[in-house]
Amino acid sequence: MCNDEKFLEKVAYVLASDHRKNIILFMGDELYSPKQIGDAINVRTNHISNLLAQLRKYNLVYNTTPRIRKGRLYSLTDDGKRVLEYIKQKE
């Protein structure tokens, strides 16, 4: 797992931002809206939406409700779960 260069790039990307790291750590295996995430980690919802868009580009989270505009729910992808487990092991 640790020798996979693309995986390590994703880990480094998440760890480069406390907000991205906190989102990954908070989400775990659950579904959350941007508001729920923002409230939990004390970051404004509009900033959370931008962070989630960045994490989607790295295939770390996905929108489970793409057809709706308000109340979207997000979950970690398999890569996101791998990053989460790696971070938990290292802390």
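First, a word on scope: everything that follows refers to the structure included in this document.

Further remarks concern the packing of aromatic side chains. Inspection of the entire model under this criterion finds three aromatic pairs. With a centroid separation of 3.8 Å and 10° between ring planes, the pair formed by Tyr 13 and Tyr 58 is classed as stacked. Residue Tyr 13 is found in helix α1 (residues 5-15), and its partner Tyr 58 is found in the loop between α4 (45-57) and β1 (61-63); the two are separated by 45 residues along the sequence. Between Phe 26 and Tyr 32, the ring centres sit 4.4 Å apart and the planes meet at 40°, which makes this aromatic pair tilted. Classification of Tyr 32 as buried rests on a relative accessible area of 18%. One residue, Arg 20, lies across the ring of Tyr 13, its end atom 3.8 Å from the ring centre.

Take unusual backbone geometry next. Despite not being glycine, Asn 42 has its phi angle at roughly 60°, a positive value. With respect to the helices and strands, Asn 42 occurs in the loop between α3 (34-41) and α4.

Across the interface, helix α2 (residues 18-27) lies against α3 with an axial gap of 10 Å and an inter-helix angle of 110°. Between α2 and α3, the interaxial angle falls into the category roughly perpendicular. Residues His 19, Asn 22, Ile 23, Phe 26 and Met 27 of α2 lie in contact with α3, whose contacting residues are Gln 36, Ile 37, Ala 40 and Ile 41. Class assignment of the residues belonging to the contact of α2 with α3 gives a composition of six nonpolar, three polar and no charged.

Basis of the calculations
- Residues numbered from 1 in each chain as written.
- Predicted model: local features only at pLDDT ≥ 70, side-chain atom pairs only at ≥ 80, totals over all residues.
- Heavy atoms only, no water.
- Phe/Tyr/Trp six-rings, centres within 6.5 Å; stacked < 30°, edge-to-face > 60°.
- Helix = DSSP H or I, 4+ residues; strand = E, 2+ residues; numbered from the N terminus.
- Buried < 20%, exposed > 50% of the residue type's maximum accessible area, 1.4 Å probe, protein only.
- Lys NZ or Arg CZ within 6 Å of the ring centre and 35° of its normal.
- Axes fitted to C-alpha atoms, helices over the stretch in contact; angles between N-to-C directions.
- Parallel < 35°, antiparallel > 145°, perpendicular 65-115°, else oblique.
- Contact = heavy atoms within 4.5 Å.
- Nonpolar A, V, L, I, M, F, W, Y, C, P; charged D, E, K, R; others polar.

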